[in-house]
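Spelled out, the chains give:
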Amino acid sequence: MGCGSSKRIKRVPGYEDPNVLAAETIFTVSEVEALYELFMKLSNSIIADGLIHKEEFQLALFRNKNQRNLFADRIFDLFDIKRNGVIEFGEFVRSLGVFHPNAPVADKIAFAFRLYDLKRTGFIKREELKEMVLALLHESDLVISEDAVETIVDKTFSEADTKGDGRIDPEEWKAFVSKYPSLIKIMTLPYLKDISLAFPSFVVRTEIDDSELYLGVNGD
C-alpha cells in the first residue's frame, strides 16, 4: 500500500524504506509516509540537513529551542538510538511507535524505565527519581515546596524498592507501574492513532495533575 509513493520520497541521511519501518513498527506504510513529512518539517526547522538536532527536538516538543530541560534531554537521548547526537528518520519512527495508543504496555513501561535511568545503569536510584520529578514539575508549571518534593520521592522510592536495596530494578518498576498506571500516561500520544488523517504539531503533553505526578503518594 504506498510502495509507489515511497519511491517518490526524497532521501535524507538515515532514511529507511517506509515498507521496512511499517513491518517493524505498529505504523502502516501510509502512516510512516505521513511521519516522514512531519520528520522533514522538524529536521529542517533550524538546520536544513534532514536530521533532527536537539534544538529542533526541543522546539518541537516544548516550543522553545533555548530552554534546556532534563525531560526533553532524556526523550531526545532515547530517540537517538545510535547516540550520535541527531535523530534519523528510522530512529524517529521506531521510537515514536512506543507512544502509539496501541503499542504494547510492556514497551511503554520499558521506555519509561529508561527515561528515569539517567546514568544507564539498569537501575533507578533515588537521586535520578528526584531529578525527573523536578523536571516534570518544571514542565507542568507546578510549584511545590522542597519538603513536599522530598516526601514524594521518599514515599515513591520506598514503595517501589520492594527489595530494599536502594535501587529500583526493571521488575520492581513494572510492578509499581502496574499499581499506578498513570505513571506511563505520558507515554501515549492519542493523535498517533489517526496520523494519516490529520497530523497536528508534535507536542508531548506534560501537563499533569497531582495524582499523576505524585507517583503513588496519594495511593494510600
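Residues numbered from 1 in each chain as written. Predicted model: local features only at pLDDT ≥ 70, side-chain atom pairs only at ≥ 80, totals over all residues. Heavy atoms only, no water.

A. Representation of the UniProt feature "domain: EF-hand" (unreviewed entry) in the chain. If you check UniProt for "domain: EF-hand" (unreviewed entry), the listed places come out as residues 67-102, 104-139 and 148-183 in our numbering. Spanning residues 104-139, this segment combines 72% helix with 0% strand, and its end C-alpha atoms are found 26 Å apart. Helix makes up 64% of residues 148-183 and strand 0%, with an end-to-end C-alpha separation of 18 Å. (UniProt positions renumbered as here; feature names shortened; annotations may be inferred. Helix = DSSP H or I, 4+ residues; strand = E, 2+ residues; numbered from the N terminus.)

B. Fine view of the nonpolar core. Counting 60 residues, the largest nonpolar core has Ile-75, Phe-79, Phe-92, Phe-99 and Trp-173 as its most contacted members. It is helix H3 (residues 29-43) that provides the largest number of residues to this core, a total of eight residues. Shared between two domains, this core takes at least three residues from each, and those domains are domain 1 (14-103 + 188-203) and domain 2 (105-187). If we ignore the near neighbours within four places in the chain, the residues touching Phe-99 are Ile-75, Phe-79, Lys-108, Phe-111, Ile-186, Met-187, Thr-188, Leu-189 and Leu-192. (Core = buried A, V, L, I, M, F, W, Y, C linked by side-chain atoms within 4.5 Å. Buried < 20%, exposed > 50% of the residue type's maximum accessible area, 1.4 Å probe, protein only. Domains from an automatic or database assignment. Contact = heavy atoms within 4.5 Å.)

C. The packing of aromatic side chains, seen in detail. In this structure the tally under the stated criterion is 14 aromatic pairs. With a centroid separation of 6.1 Å and 45° between ring planes, the pair formed by Phe-79 and Phe-99 is classed as tilted. One end of the pair, Phe-79, is in helix H5 (residues 70-79); the other, Phe-99, is in the loop between helix H6 (89-97) and helix H7 (105-116), with 20 residues separating them in the sequence. Judged by centre distance (5.1 Å) and plane angle (45°), the rings of Tyr-116 and Trp-173 are tilted. Of this pair, Tyr-116 sits in helix H7 while Trp-173 sits in helix H10 (residues 170-179), and the two are 57 residues apart along the sequence. Each of the two residues, Tyr-116 as well as Trp-173, counts as buried. Within the aromatic cluster, the residues linked to one another by ring pairs are Tyr-15, Tyr-36, Phe-39, Phe-57, Phe-76, Phe-79, Phe-89, Phe-92, Phe-99 and Phe-111. The lysine or arginine in question, Arg-167, covers the ring of Phe-123, its NZ or CZ lying 3.6 Å from the ring centre. (Phe/Tyr/Trp six-rings, centres within 6.5 Å; stacked < 30°, edge-to-face > 60°. Lys NZ or Arg CZ within 6 Å of the ring centre and 35° of its normal.)

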